[in-house]
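Fold and contact review
Okay, here's what each chain looks like letter by letter:
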Amino acid sequence: MSVPVLEIRNLHVDFKTRHGVLHALNGISFSIARGEVLGVVGESGAGKSLTGSAIIGLLEPPGHIAGGEIYLNGARIDGLDFESMRHIRGKKIGTIFQDPLTSLDPLFRVGEQLIETIRTHLPLDEKQARARAISLLADVGIPAPEKRIDAYPHEFSGGMRQRVVIALALAAEPDLVIADEPTTALDVSVQAQIIEVLKKLCRERGTAVMLITHDMGVIAETADRVAVMYAGRVAEIGPVRSVVQHPQHPYAQGLMGSIPPLDQHPSQLQQIEGSMPRLSAIPKGCAFHPRCPLVIDACHQTQPELRASGESFAACIRAGEAA
Amino acid sequence: MLAFILRRLMQSVLVLVVVVLLAFTMFRFVGDPVNQIVSLDTPAEQVAEVRKSLGLDDPVPVQIMRYLYHVVQFDFGISYQFRQPVVDLLAERAPATLELALMSSLISLLVGIPMGVYTALRRDGFFARLFQSISLIGVSLPTFLIGILLIYLFAVTLGWLPSFGRGQVVTVYGRWTTGFLTVSGLKALILPSITLGLYQMTLIMRLVRSEMLEVLRADHIKFARARGLTTHSIHFRHALKSTLVPVITIAGLQLGSIIAFAVITETVFQWPGMGALFLKAVQNVDIPIMAAYLMIISALFVSINMIVDLLYAFVDPRLRTTIKN
Ligand SMILES: Nc1ncnc2c1ncn2[C@@H]1O[C@H](COP(=O)(O)OP(=O)(O)O)[C@@H](O)[C@H]1O
Ligand SMILES: [Mg+2]
């Protein structure tokens, strides 16, 4: 087996606050193979974005990596100095954020932003970089790219802006793209197109994707594997088909409860009774136990580790038992 | 774009007309101008004659039109104190005030912006904190006190710089007197322009700092970091540009107030500018000078405002499009 593009081992992220240390990520482990699409799902606040920020070394203080390791193509990247990390961001790992309306610098033409990104990472001159920028814009489906390259971000619609953001993320041919809810802020009518563009380009280039989304429909159609996160932990991870159709963890079972049929528009995640605990009040034992329909006494005591169950791995001592 | 400029121009003219009306009202209703000309024992017929010759018997609208007619030709009447045309008095003193204001604005921008950027980028550094504390003093100390302290330190105690006046001035282009061309003129400019610019400088510094801190948290900066751009480019290309857009407005308005607030500094440093003239006019109820000063300052504010708006459109592409449509 070849070395995975990304491997995370037992990642911990803490926030030091006045009221003590909050453990936002609590031993996350997963890996992404070359060209693979890993879907990451979970309720808001589960730690999905934080995982992304930790990977690219842009956790905002007081957040910091408190333990664990991150490997990119087999080389450890957590704890690298800022300048080394800068050469990884954009060059090896592209990032796409949620809101295309605010991701671009409003005061610079999209071409200037593309060219700057390209020239930061690749040894091209202005003219070559411009040609590359135009072809990137064409790749992401922007009509008349040789004209639009000189437009300002506000002259594009939301969907078109997110295409520009994708072009920026792919500008230096990264090995991995972290897409953090890339369509959440967009009009429903363009969401599918944006995912399609992302999927197609990454497949063509063999780029691996960490796709964070709330949209189970998108996961089902796009991802190879899926990780379900809950309260700063991975609750279940496995091939998309088995996690979606035969979820092993009771939380995943709740989430997958209502995957819409493919011919309907994908809906948001189904709500599970109760809400995710706040960071300051994560219960002892399994973090999900207060909401779990399968809870037993042992769940109050020990935090379950990921273990093989069915075709995937689940962090539950009763994994696999039907709800 | 042209429509936008025209619209702004119309608004500006409207504001100025209102100001002229105000100035006229001062003339007409603050004291009787005739009393300024005649003495207590002037015969009544003669008083009436003066009144008539000044056109004060005409209906008010006629008087207003006549006043407006004179004002647009820069005819602001004759000073009661000096018995000279107000326009000559002001023209003679305008260079002093404008050079002082220019110097103060330059200081406030050239020092205030870098200090603001510095304190934003080195938020927790020792010097950033120091600047931040010092700036509080700049904002809260009254101008005259700063002026007096500076005079005490640099003029009285150290004897490095003059404590009053413009030094040696040179006349250029016929009437403009400048202090920029002589050593003593430049030396004389230092203390007053620091005094006048200090408040604006600290204001600009604090504004730039808070604006920059906010921009550094913005999504597009986060995305710029995620793209691996250099810190230099993120700070000084992307963040600084976003920071300066709103700062332009404030800085423009500051320039207006620098000229208006020059009154105090000019008094402290016996600076022969328009502000000092205005103060003397107030003491002596010299209405023509007061009115002219009011109008000139308003005209300045209005033009600065317009320039700022245009500049804003020039810097911010979003606004440019809005204006185009
Ligand atoms: N600056 C911060 N200080 C304290 N807690 C934070 C901070 N940023 C994020 N968190 C917490 O970290 C947790 C994970 O956040 P996030 O990764 O954004 O969740 P999501 O899965 O919705 O992307 C949340 O509970 C959030 O409240
Ligand atoms: Mg998030």
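A brief structural summary. (Residues numbered from 1 in each chain as written. Chains lettered and ligands numbered in written order. Predicted model: local features only at pLDDT ≥ 70, side-chain atom pairs only at ≥ 80, totals over all residues. Heavy atoms only, no water.)

With respect to the overall build of chain A
When helices and strands are tallied, chain A shows 11 helices and 12 strands. Against the globule reference of 20 Å for 323 residues, chain A gives a C-alpha radius of gyration of 20 Å, in line with a compact fold. Taking all 323 residues of chain A together, 54% fall into the buried category. With the model as given, the accessible surface of chain A reaches about 13,900 Å², and the carbon-plus-sulfur share is 52%. Of the charged side chains in chain A, 31 are positive and 36 negative, and the gap between their average positions amounts to 2 Å. (Helix = DSSP H or I, 4+ residues; strand = E, 2+ residues; numbered from the N terminus. Rg over C-alpha atoms; globule rule 2.2 N^0.38 Å. Buried < 20%, exposed > 50% of the residue type's maximum accessible area, 1.4 Å probe, protein only. Areas by Shrake-Rupley, 256 points an atom, 1.4 Å probe, with all protein chains shown as cover. Lys, Arg positive; Asp, Glu negative; His and termini not counted. Charge placed at Lys NZ, Arg CZ, Asp CG, Glu CD.)

A closer look at the overall build of chain B
Scanning chain B from terminus to terminus reveals 13 helices and two strands. For the C-alpha atoms alone, the extent of chain B along its principal axes is close to 85 × 60 × 35 Å. Taken across its 325 residues, chain B has 42% of its residues classed as buried. Considering only residue pairs separated by 6 or more positions, chain B has 71% of its internal contacts joining residues 24 or more positions apart. Carbon and sulfur atoms make up 69% of the accessible area of chain B, which totals about 17,000 Å². (Contact = heavy atoms within 4.5 Å.)

Considering the interface of chain B and chain A
On the side of chain A, 28 residues touch chain B, which itself brings 23 residues to the contact. Summed over both partners, the interface of chain B with chain A buries about 2,400 Å², with 60% contributed by carbon and sulfur atoms. For chain B, the biggest contributors to the area lost against chain A are F223(B), A226(B) and R227(B); these three give 27% of the whole. Here chain B is connected to chain A by one salt bridge. (Buried area = accessible area lost by both parts, 1.4 Å probe. Salt bridge = Lys/Arg side-chain N within 4 Å of Asp/Glu carboxyl O.)

What about the sheet that holds strand β1 (residues 6-17) of chain A?
Two pairing modes exist for strands in a sheet, parallel and antiparallel, and in both the strands are linked by backbone hydrogen bonds. All names here are of chain A. Across the sheet, four strands lie side by side as β2-β1-β4-β5; this open sheet has antiparallel pairing. Two strands in the sheet have a free side with no partner beyond their single neighbour: β2 (20-32) and β5 (75-76). In this sheet, strand β4 (residues 63-72) lies alongside β1 in antiparallel orientation, the contact comprising eight bridges. Among the inter-strand pairings, H12 is bridged to a residue of β4, identified as G67. Against the sheet, helix α1 (residues 48-55) touches β1, β2 and β4, its axis set at about 105° to β1. (Pairing = 2+ DSSP bridges. Axes fitted to C-alpha atoms, helices over the stretch in contact; angles between N-to-C directions.)

Structural notes on the sheet that holds strand β9 (residues 225-230) of chain A
Residue and element names in this part refer to chain A. Sheet architecture is open: eight strands sit in the order β6-β7-β8-β3-β9-β10-β12-β11, paired in mixed fashion. Both outer strands of the open sheet, β6 (93-96) and β11 (307-309), are each paired with one neighbouring strand and no more. Sheet twist, expressed as the mean angle between neighbouring strand axes with direction ignored, is 20°. Alignment of strand β7 (residues 176-180) against strand β8 (residues 208-212), held across five bridges, turns out to be parallel. Bridge assignment links L176 to a residue of β8, and that residue is A208. Sheet strands in contact with helix α8 (residues 188-205) are β6, β7 and β8, and its direction is about 155° off that of β8.

Concerning the site of ligand 1
All names here are of chain A. Around ligand 1, the surrounding shell consists of F15, A24, E43, S44, G45, A46, G47, K48, S49, L50 and L279. A distance of 2.9 Å separates an oxygen atom of ligand 1 from a polar backbone atom of G47. In this structure, L50 approaches ligand 1 through a main-chain N or O atom, which is 2.8 Å from an oxygen atom. Broken down by element, the shell around ligand 1 gets its largest block of residues, three residues, from α1. The residue makeup of the shell around ligand 1, split by class, is five nonpolar, four polar and two charged. (Near = heavy atom within 4 Å. Polar contact = N/O pair within 3.5 Å; in protein donor to acceptor, adjacent residues only side chain to side chain. Nonpolar A, V, L, I, M, F, W, Y, C, P; charged D, E, K, R; others polar.)

Overview of a nonpolar patch on the surface
Together, L102(B), L106(B), L109(B), L110(B) and V111(B) give the surface a local cluster of nonpolar side chains, amounting to about 410 Å² of exposed area. As for its position among the elements, L102(B) is in helix α5 (residues 86-121). (Patch = residues over 30% accessible without salt bridge, like charges linked within 9 Å, V, L, I, M, F, W, Y side chains within 5 Å.)

A look at the nonpolar core
Core analysis: the biggest nonpolar cluster contains 97 residues, and F30(A), I93(A) and I166(A) have the highest contact counts within it. The contact partners of F30(A), leaving out residues within four places of it in the chain, are L6(A), E7(A), I8(A), L38(A), T51(A), M210(A) and I237(A). Grouped together as the second largest cluster of nonpolar side chains are 36 residues, L100(B), A188(B), L189(B) and V263(B) included. (Core = buried A, V, L, I, M, F, W, Y, C linked by side-chain atoms within 4.5 Å.)

Considering the packing of aromatic side chains
The tally for this structure, following the rule as stated, stands at 10 aromatic pairs over all chains. For the ring pair F97(A) and F223(B), a centre distance of 6.2 Å and an interplane angle of 75° mean the geometry is edge-to-face. Of this pair, F97(A) sits in the loop between β6 and α3 (100-103) while F223(B) sits in helix α9 (residues 219-226), each in a different chain. When its relative accessible area of 14% is taken as the criterion, F97(A) is described as buried. A ring pair is formed by F74(B) and F76(B), whose centres lie 6.5 Å apart and whose planes are at 75°; its orientation type is edge-to-face. Classification of F74(B) as exposed rests on a relative accessible area of 58%. Here the guanidinium or amino end of R148(A) rests over the ring plane of F156(A), the centre of that ring lying 4.3 Å away. (Phe/Tyr/Trp six-rings, centres within 6.5 Å; stacked < 30°, edge-to-face > 60°. Lys NZ or Arg CZ within 6 Å of the ring centre and 35° of its normal.)

A closer look at the pattern of salt bridges
Residue and element names in this part refer to chain B. Applying the stated criterion across every chain yields a total of 16 salt bridges over all chains. Between R166 and E99 there is a salt bridge whose closest N-O contact spans 2.8 Å. On the criterion of sequence distance, the pair formed by R166 in the loop between α7 (143-157) and β1 (170-172) and E99 in helix α5 is long-range, its members being 67 residues apart. Like E99, R166 is buried.

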